[in-house]
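For reference, the chains in residue letters:
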Amino acid sequence: MATRNRRALADIAGGIRLWRLAWALGWLDIRLRYRGSMLGPFWLTISTGVMVASLGLLYSALFKLDMHDYLPFLALSQVLWGFLSVLVSEACTTFTDAESVIRSVRMPFFVFSMRALIRNVIALAHNIVVIVAVFAFFSTWPGWEALLALPGLLVWVLDGLALTLLLGAFCARFRDIQPIVNSVMQIAFFVTPVIWKPSQLSPSSMQKLALNPFFDLLEIVRGPLLNSDIAATTWIGAIGFSVVLCVISWAFFVRARGRVTFWV
């Protein structure tokens, strides 16, 4: 076990040293995905903007919410949730999509984890245009409190890397896991305040909301950008979930690292 831990640490250290390669591979994935397209990744920006505008008009009328308050919340929530859900889905194919490279070139597996994360961060950067446009239209810019979102983004990066290692290896061994993960994310979308606001719940239900790890992770980034206070229980839940995820991911990666090449 000590040898496996050392090899896993060496894998991660080697992957970090090759961060330029991971960046180049992530950028190449984006270029290949939109090859031949006139607007490229901005098609995703347009579709996100249309969705935010449509849902904003619909749900503000259904929930009797002020558009000036609701649409910035919806735009930010939709973009952040889109990043999380796509990252979770693509984490399942972190290693299987790189099957030809893994079988032909000896390379740290952590490079492919960084590649998946970088690819989704680039896509997120294109969708930030939607958030900026909505904030500019309603003149609801975040204050200095927005800097408090940086620790939350750091937690997201660590969780994203841990998730790609865990699901990438686990789904390489059990190919039926990805449809289950996608179904869980669909359910989580409806039970997490993305298109509805936490303030619409009763006080007792809001206390139970802190038990939802997706809400905790979403709120530690969304809250500062909306100039809203974050409860201590939210940070505790987000950090606790992240610690558990990292521990499970490390334990599984240590045992599975030497078998991933055969599983893919």
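Since the structure is predicted, the reported quantities are computational estimates derived from the model, not experimental observations. (Residues numbered from 1 in each chain as written. Predicted model: local features only at pLDDT ≥ 70, side-chain atom pairs only at ≥ 80, totals over all residues. Heavy atoms only, no water.)

Nonpolar side chains collect at one region of the surface, where Trp144, Leu147, Leu150 and Leu153 lie side by side and expose about 490 Å² of accessible area between them. Mapped onto the fold, Leu150 is located in helix 7 (residues 149-173). (Patch = residues over 30% accessible without salt bridge, like charges linked within 9 Å, V, L, I, M, F, W, Y side chains within 5 Å. Areas by Shrake-Rupley, 256 points an atom, 1.4 Å probe, with all protein chains shown as cover. Salt bridge = Lys/Arg side-chain N within 4 Å of Asp/Glu carboxyl O. Helix = DSSP H or I, 4+ residues; strand = E, 2+ residues; numbered from the N terminus.)

What follows covers the pattern of salt bridges. Two side chains of opposite charge can pair, provided their charged atoms sit close to one another. Taken as a whole and assessed by the stated rule, the structure comprises 7 salt bridges. Within this structure, Asp29, Glu90, Arg115 and Arg119 form a network of salt bridges that share partners.

As a further point, take the nonpolar core. Counting 73 residues, the largest nonpolar core has Phe95, Trp156 and Ile195 as its most contacted members. Setting aside anything within four residues of it in sequence, one finds Ile195 in contact with Leu55, Tyr59, Phe63, Tyr70, Leu74, Gln78 and Phe189. (Core = buried A, V, L, I, M, F, W, Y, C linked by side-chain atoms within 4.5 Å. Buried < 20%, exposed > 50% of the residue type's maximum accessible area, 1.4 Å probe, protein only. Contact = heavy atoms within 4.5 Å.)

Turning to the state of the cysteines, a few remarks are in order. Applying the stated criterion across every chain, the model contains 0 disulfides. Cys92 takes part in no disulfide bond, and the closest cysteine sulfur to it belongs to Cys171, at a distance of 3.6 Å. Given a relative accessible area of 3%, Cys171 falls into the buried group. (Disulfide = S-S within 2.5 Å.)

Glycine aside, the phi torsion of most residues is negative, and most peptide linkages are trans. With a phi close to 55°, Ser139 is a non-glycine residue in the positive phi region. Along the chain, the position of Ser139 falls in the loop between helix 6 (109-138) and helix 7. A residue is classified by how much of its surface remains accessible, and Ser139, at 57% relative accessible area, is exposed. Phi angles above zero are rare outside glycine, and Asn227 is one such case at about 60°. Considering the arrangement of structural elements, one finds Asn227 in the loop between helix 10 (213-225) and helix 11 (232-256).

Below, the discussion takes up the environment of Ala232. Structurally, Ala232 can be placed in helix 11. Here the alpha-carbon distance between Ala232 and Ala210, two residues 22 residues apart in the chain, equals 9.8 Å.

With that settled, consider the packing of helix 10 against helix 11. Taken N-terminus to C-terminus, the directions of helix 10 and helix 11 make an angle of 110°; their axes are 8 Å apart at the nearest point. The orientation of helix 10 with respect to helix 11, classified from their angle, is roughly perpendicular. Note that helix 10 runs across helix 11; the crossing there is left-handed. Between helix 10, through Pro213, Phe215, Asp216, Leu217, Glu219 and Ile220, and helix 11, the contact on the second element is made entirely by Thr234, Trp235, Gly237, Ala238, Phe241 and Ser242. A breakdown of the residues in the contact of helix 10 with helix 11 according to their chemical character gives 7 nonpolar, 3 polar and 2 charged. (Axes fitted to C-alpha atoms, helices over the stretch in contact; angles between N-to-C directions. Parallel < 35°, antiparallel > 145°, perpendicular 65-115°, else oblique. Left-handed = near helix turned anticlockwise from the far one by under 90°. Nonpolar A, V, L, I, M, F, W, Y, C, P; charged D, E, K, R; others polar.)

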